[in-house]
Amino acid sequence: MKTKTSFYCTDCGNETPKWQGRCPACGSWNTIVEQPAEKKAKPAARAAYVQAARKPKLIGELDGSSELRFSTGLDELDRVLGGGAVAGSLILVGGAPGIGKSTLLLQICGNLGHKYKILYVTGEESERQLKMRALRLGADGGGAFYVLAETSLNEILSSAEELRPDIMIIDSIQTLYSDELSASPGSVGQVKECAMALLQLSKTSGATVFLVGHVNKEGAIAGPKVLEHMVDCVLYFEGEKSSSYRILRGAKNRFGSTNELGVFEMNEGGLREVQNPSELLLTGRPEKASGTCVTCVIEGTRPLLAEVQALVTQSFYNMPRRNSNGIEYNRAMMLLAVLEKRSGLRVGGCDAYLNVVGGLTIDEPAVDLAVVIALASSYKDKPVKDDLVVIGEVGLTGELRPVSGLGLRLTEALRLGFKTCIVPKNTVGKASVPEGIEVKPARTITEAIGLALA
């Protein structure tokens, strides 16, 4: 007897009766995959984690108290979560293999095991392997820290109903399977079914559930895109394999801002919090070297000093080469065009390379002026002063536009020893300037380049 199959979109989870090159729901190409048809779940299968039917209430009768938050023991993680984890929330932590997702969650268990009842469900390691890693991280301090090596959703829900944990960690969502579906673990149907069951568990029991999710080669969470819409928070753990530093960034947060980021350093004892990322990002900065400039960006509520490096050299190709790391490519090409048109520097026939040191990705317009000055510095082979920081947005006519939070940026620059700052002229007088730093206003990029390379 032939097994019935269905077709799903791996991006949005839309079901179609036959294979198509393009998903009719989200428009993505080559994302339709064939999976065994799902069986209808029996009502009794969800009885363990579904409460009785709720009745509609007037909005005035609803509980208006704020959400209950608790600290995870890691200040950098609390910052990204918006002040701590929220009880009854579902949090998805994604990242490349070996980046440190399990290490981060194990350290949370070590910090909170003596305060809360924790259930760590591992589908990728045995209990002995998890114990060895916990010993290395110092996260085996006893308390109410329970471990379950299981991949069956029904067994996990039964254990959760019996234990009633305050915090539940699933490592990982791609390894779980429901007995009600015949598809293999990690398939679209299994991931959706398991995530929905855990979502209902967190909302009805009040437990905070952390899901570990792997990423595909494009850097997105593996599985259906609808998974990110189901959870309350989506956190991405990023970092270069050649570097020991890791950046935790929020892509979605129903209980806080998504602009915050946390910085960690991976060492033999696990992840160490980096309380001063500005100093870290400027470590090893070359002195009296052309093509480098420092700017200050704001990620959420935190000001960060970042070093922008540029290399402009004569091109030996018919079409000059362009590359940009840490700055959006199209914006970098726009700034190159503005630099040539408005300042007279003939960079159009040169190869140009841009890089933000430390693996940081900046999408704030305040970095524009630093990119322009770094390019001009490399083109003219004139270094920028070591104690200079530049802040400003660049328009298509070469004018400098104001940015928000100037006082906060200047204070951070002064704290790290910078004495001079170039800012847009129309921001002077609108923000308090801390004592000890000189502000040089400029109207256009030509004036700013003249001040920076004087």
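Since the model is a prediction, treat every value here as computed from it, not as a measurement.

Novice: Go over the environment of Val371 with me, naming the residues and quoting the values.
Specialist: Note on placement: Val371 falls in helix H9 (residues 368–380). On the basis of relative accessible area, Val371 is assigned to the buried category, the value being 0%. Val371 sits 303 residues away from Leu68 along the chain, and the two C-alpha atoms are 43 Å apart. Among residues more than four places away in sequence, those in contact with Val371 are Val308, Ile327, Leu335 and Leu354.

Novice: Can you lay out the sheet that holds strand E14 (residues 270–273) for me, pointing to particular residues and giving the numbers?
Specialist: Taking strand neighbours across the sheet as the criterion, the nine strands line up as E8-E7-E9-E10-E6-E11-E12-E13-E14 in an open arrangement whose pairing is mixed. Each edge of the sheet is formed by a strand with only one pairing partner; in this case those strands are strand E8 (145–149) and E14. Strand-to-strand, the axes of this sheet are offset by a mean angle of 25°, without reference to chain direction. Pairing analysis gives five bridges linking strand E6 (residues 90–95) to strand E11 (residues 233–238), with the strands arranged parallel. Within E11, the position partnered with Gly95 by the bridge is Phe237. The strands touched by helix H2 (residues 101–112) within the sheet are E6, strand E7 (118–122), E8, strand E9 (167–171), strand E10 (208–214), E11, strand E12 (245–253), strand E13 (261–267) and E14, with E7 carrying the most contacts at an inclination of about 155°.

Novice: Tell me what's going on with the packing of helix H8 (residues 329–343) against helix H11 (residues 445–452), and back it up with residues and numbers.
Specialist: Axis separation between H8 and H11 bottoms out at 10 Å; the angle between their running directions is 90°. Taken together, the axes of H8 and H11 lie roughly perpendicular to each other. Each of Val338, Leu339, Arg342 and Ser343 in H8 lies in contact with H11, whose residues at this interface are Ile445, Thr446 and Ile449. Residue classes in the contact of H8 with H11 are distributed as four nonpolar, two polar and one charged.

Novice: Quick one: what's the story with the packing of aromatic side chains, residue by residue and with numbers?
Specialist: Tallying each qualifying case throughout the model produces three aromatic pairs. With 5.1 Å between their ring centres and 45° between their planes, Phe70 and Tyr116 make a pair best called tilted. In this pair, Phe70 sits in strand E4 (residues 69–70) while Tyr116 sits in the loop between H2 and E7, placing the two residues 46 residues apart along the sequence. With relative accessibility at 9%, the residue Phe70 sits in the buried group. When the ring of Phe237 is compared with that of Phe264, the centres are 6.0 Å apart and the planes differ by 70°; the resulting orientation is edge-to-face.

Novice: Before we move on, can you summarise the packing of H8 against H9 with the specific residues and values?
Specialist: Interaxial distance between H8 and H9 falls to 10 Å at its minimum, and their mutual angle equals 60°. Of the possible angle classes, the one that applies to H8 and H9 is oblique. The two elements H8 and H9 meet at a crossing, and its hand is right-handed. Here Arg331, Leu335, Leu336 and Leu339 of H8 come into contact with H9, specifically with Asp368, Val371, Val372, Leu375 and Ala376. Looking at the contact of H8 with H9, its residues break down into seven nonpolar, no polar and two charged.

Novice: Go over the sheet that holds strand E19 (residues 388–390) with me, naming the residues and quoting the values.
Specialist: Reading across the sheet, the seven strands line up as E17-E18-E16-E15-E19-E22-E23 and stay open at both edges, with mixed pairing between neighbours. At either end of the open sheet lies a strand with only one pairing partner, and these are strand E17 (322–325) and strand E23 (438–442). Averaged over neighbouring strand pairs, the angle between their axes works out to 25° when direction is ignored. Here E19 pairs with strand E22 (residues 420–424) via three bridges, running parallel. Bridge pairing in E22 links Val390 to Ile422. Contacts from H8 reach E17 and strand E18 (350–356) within the one sheet, and its direction differs from that of E17 by about 125°. Together, strand E15 (292–299), strand E16 (302–314), E18, E19 and E22 form the strand contacts of H9, whose direction differs from that of E16 by roughly 35°.

What counts and what doesn't
- Residues numbered from 1 in each chain as written.
- Predicted model: local features only at pLDDT ≥ 70, side-chain atom pairs only at ≥ 80, totals over all residues.
- Heavy atoms only, no water.
- Helix = DSSP H or I, 4+ residues; strand = E, 2+ residues; numbered from the N terminus.
- Buried < 20%, exposed > 50% of the residue type's maximum accessible area, 1.4 Å probe, protein only.
- Contact = heavy atoms within 4.5 Å.
- Pairing = 2+ DSSP bridges.
- Axes fitted to C-alpha atoms, helices over the stretch in contact; angles between N-to-C directions.
- Parallel < 35°, antiparallel > 145°, perpendicular 65-115°, else oblique.
- Nonpolar A, V, L, I, M, F, W, Y, C, P; charged D, E, K, R; others polar.
- Phe/Tyr/Trp six-rings, centres within 6.5 Å; stacked < 30°, edge-to-face > 60°.
- Left-handed = near helix turned anticlockwise from the far one by under 90°.

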